[in-house]
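Fold and contact review
One letter stands for each residue in the lines below.
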Amino acid sequence: MKYAVSAPQNALLREIASASEAMRIPPTRTQTAWALEQRGLIKRTWRGSSHVAVVTADGRYYLKHGAHPRRVQAEKDRLEGGAAQAALAPTCGAELISRLKSASGKITVADPAPRTRGRWRAAYYDALHHGHVPEGHKLRWNGRRRGDCVFTLADEAAEKAAQPPPVPAIEVPEVLERPHPLVRATRKAMDRSQGTVDTRGTAEVIPLHVSRPLADRALRIMHAFLTEAESRGYSAEAQTDLERGEAVHTLAVVIRGHAFPVALTERTTKVPHEPTPKELRQQERNPWIRLPKYDEEFNGRLALGAPAKSWYSYSCSDGARWTLESRLGLLLQDLEDRAAEAARRDRDQELLETERRRRWYAAVKQARERQIEQHRAEFLSAQVGAWQRVAEIRAFCQAARARTESTLAPAEETSWLEWAEAYAAQLDPLQRQLNAPPDPPATRETLREMAKVDGYAYPWPFDADGHWTLPPDPRADGPCNPRPLRPQTASPRLRGTGRRIVYAAMVSGTSTRSHAPSTALCASGCRWA
């Protein structure tokens, strides 16, 4: 809980305490009253269209003593427990070092009382001045005046070994004897400008925006930076993009396929604007003209980094204790780290896309297998139904002939029964060889509904005959490059769909072998023999 009270909160608390009855809280002071209520100094309630508040006992205590009663009580409890804490403090430096060694080199004392803090301070200085600190170690103490006391016994050799290697510095020449090609092009584009050098809108040069006296230093810095980048295997490319219908020229350092645009500018400082005589005359003629309050002036500090209004945020500049030349190595290392991170993200994205592709093709494969299974089940059901109907027709013919055994049947009846038996023989599936039906068409619409996926997310793996024709993914790992399994004989065209297919195949007696191969999924989700 917060115990501090600001000046507006203190003023509102005194107004509420001085009121003879519940005070109405104005809407503009609602937040202040809420803060006092959170500290337990007032109580609020809703009356009519606004809040009213009264002061609590804690609030009157605060107005009388200037401190929150809970904070005062907490400080009393801490001081009362200080004697017990002080008794646990080390009596000398040797004991402190012994405790640190047994505690793996770190001891934390939670917000000790002044007496306890003094005991630990005495043990700390005793260890420093009487040679109790082991050789090659360093004793540190944080929290000398307030807060937790943290004592650390650190191994200097281990700390040095854990530190990252120093960043190699980039040497900037004093004189450019053989300047970088982009530096030569930039120097030529600068021409003889005496005021400000601005090459940000020029193609095939280094984007600069500096004052004329710092132009030579800026070119030397860019020469050293670009030369060092190319010596490490990177490249510097002048690029031109189109943004909002206008050409934007940039210079990018390409590291492992990732381009990082850079520009060298001079920082500016705001100074009061001094109106010119022309501006004063214009303001006299038109009082509504507003003159700028400040002007931007170059302050002599160079900055190298991402261009303004870009998505990137890397930059190094002159400081009060360092120069831009001493920070070039850090900037190039930052770009290398960003390139490594971008490469890692690309690999993760590629793996994610490969897994998504594999799952998509696996879902389509399973949907195709279910489609074939359902089609065969319907075909089998139609065969069984036809066989049962044939049995019923033959039974009917036998019953009709048995009815007329004692008498001579009419010629019309005999002709009808003969046609019925011939029709039953035509419908009987057992009169011909039993084969599996041809596979149904593998259309996007059908399999998309069965697989519950987007049918247009990846290239469709089936041809017009329902055969798997997708080539292997060249990005998939592995030495194998199998070719898709093709059927030995082409299946006949299916006439219709659903029961019409089954009935046509059954009536016509056409029978083909199924071309559903036994397959397996490769890394890209393709199905091979």
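For the structure itself, consult the block above.
Fair warning: this is a prediction, and the values are worked out from it, not measured in the lab.

With that settled, the discussion passes to a nonpolar patch on the surface. On the surface, L380, V384, W387, L430 and L434 cluster together to form a nonpolar patch covering roughly 500 Å² of accessible area. Considering the arrangement of structural elements, one finds L434 in the loop between α13 (411-427) and α14 (444-451).

One open sheet holds the three strands; their spatial order is β1-β3-β2, and the pairing between them is antiparallel. In this open sheet, the two strands that pair with only one neighbour each are β1 (23-24) and β2 (42-47). In the sheet, β1 pairs with strand β3 (residues 50-55) via two bridges, with the strands oriented antiparallel. Counterpart to R24 in the pairing with β3 is V52.

Moving on to the pairing of strand β10 (residues 246-255). Most of β10 sits inside the fold, with seven of its 10 residues counted as buried. Joining the antiparallel neighbours strand β9 (residues 235-243) and β10 is a turn of two residues, in which R244 adopts a positive phi near 55°. One ladder, built from five bridges, connects β10 with strand β11 (residues 258-272); its direction is antiparallel. Opposite A252, over in β11, you have P261 as the bridge partner. Here β10 folds back onto β11 in antiparallel fashion, the turn holding two residues, of which R256 has a positive phi close to 55°.

With that settled, the discussion passes to the layout of surface pockets. Regions of empty space are outlined by a rolling probe, equal in size to a water molecule, passed over the atoms. By volume, the largest pocket is sized at about 900 Å³. Taken together, 29 residues make up the lining of the largest pocket; nearest its centre are V248, P307, A308, K309 and S310. Contributing elements (two or more residues each) for the lining of the largest pocket: β9, β10, β11 and β12 (294-305). Broken down by element, the residue count for the lining of the largest pocket peaks at seven residues, all from β11. Residues of the lining of the largest pocket, tallied by class, amount to 14 nonpolar, 10 polar and five charged.

A few words on the packing of aromatic side chains. One pass over the full model with this rule turns up 18 aromatic pairs. Geometrically, the ring pair formed by W360 and W460 is edge-to-face, given 6.2 Å between the ring centres and 80° between the ring planes. On the criterion of sequence distance, the pair formed by W360 in helix α12 (residues 328-403) and W460 in the loop between α14 and α15 (499-508) is long-range, its members being 100 residues apart. Given a relative accessible area of 14%, W460 falls into the buried group.

Conventions adopted
- Residues numbered from 1 in each chain as written.
- Predicted model: local features only at pLDDT ≥ 70, side-chain atom pairs only at ≥ 80, totals over all residues.
- Heavy atoms only, no water.
- Patch = residues over 30% accessible without salt bridge, like charges linked within 9 Å, V, L, I, M, F, W, Y side chains within 5 Å.
- Areas by Shrake-Rupley, 256 points an atom, 1.4 Å probe, with all protein chains shown as cover.
- Salt bridge = Lys/Arg side-chain N within 4 Å of Asp/Glu carboxyl O.
- Helix = DSSP H or I, 4+ residues; strand = E, 2+ residues; numbered from the N terminus.
- Pairing = 2+ DSSP bridges.
- Buried < 20%, exposed > 50% of the residue type's maximum accessible area, 1.4 Å probe, protein only.
- 1 Å grid on protein atoms, 1.4 Å probe; cavity = no way out; pocket = protein on both sides within 12 Å on 5 of 7 lines; lining within 4 Å.
- Points joined across faces, edges and corners; volume = space filled by probe spheres on them.
- Nonpolar A, V, L, I, M, F, W, Y, C, P; charged D, E, K, R; others polar.
- Phe/Tyr/Trp six-rings, centres within 6.5 Å; stacked < 30°, edge-to-face > 60°.

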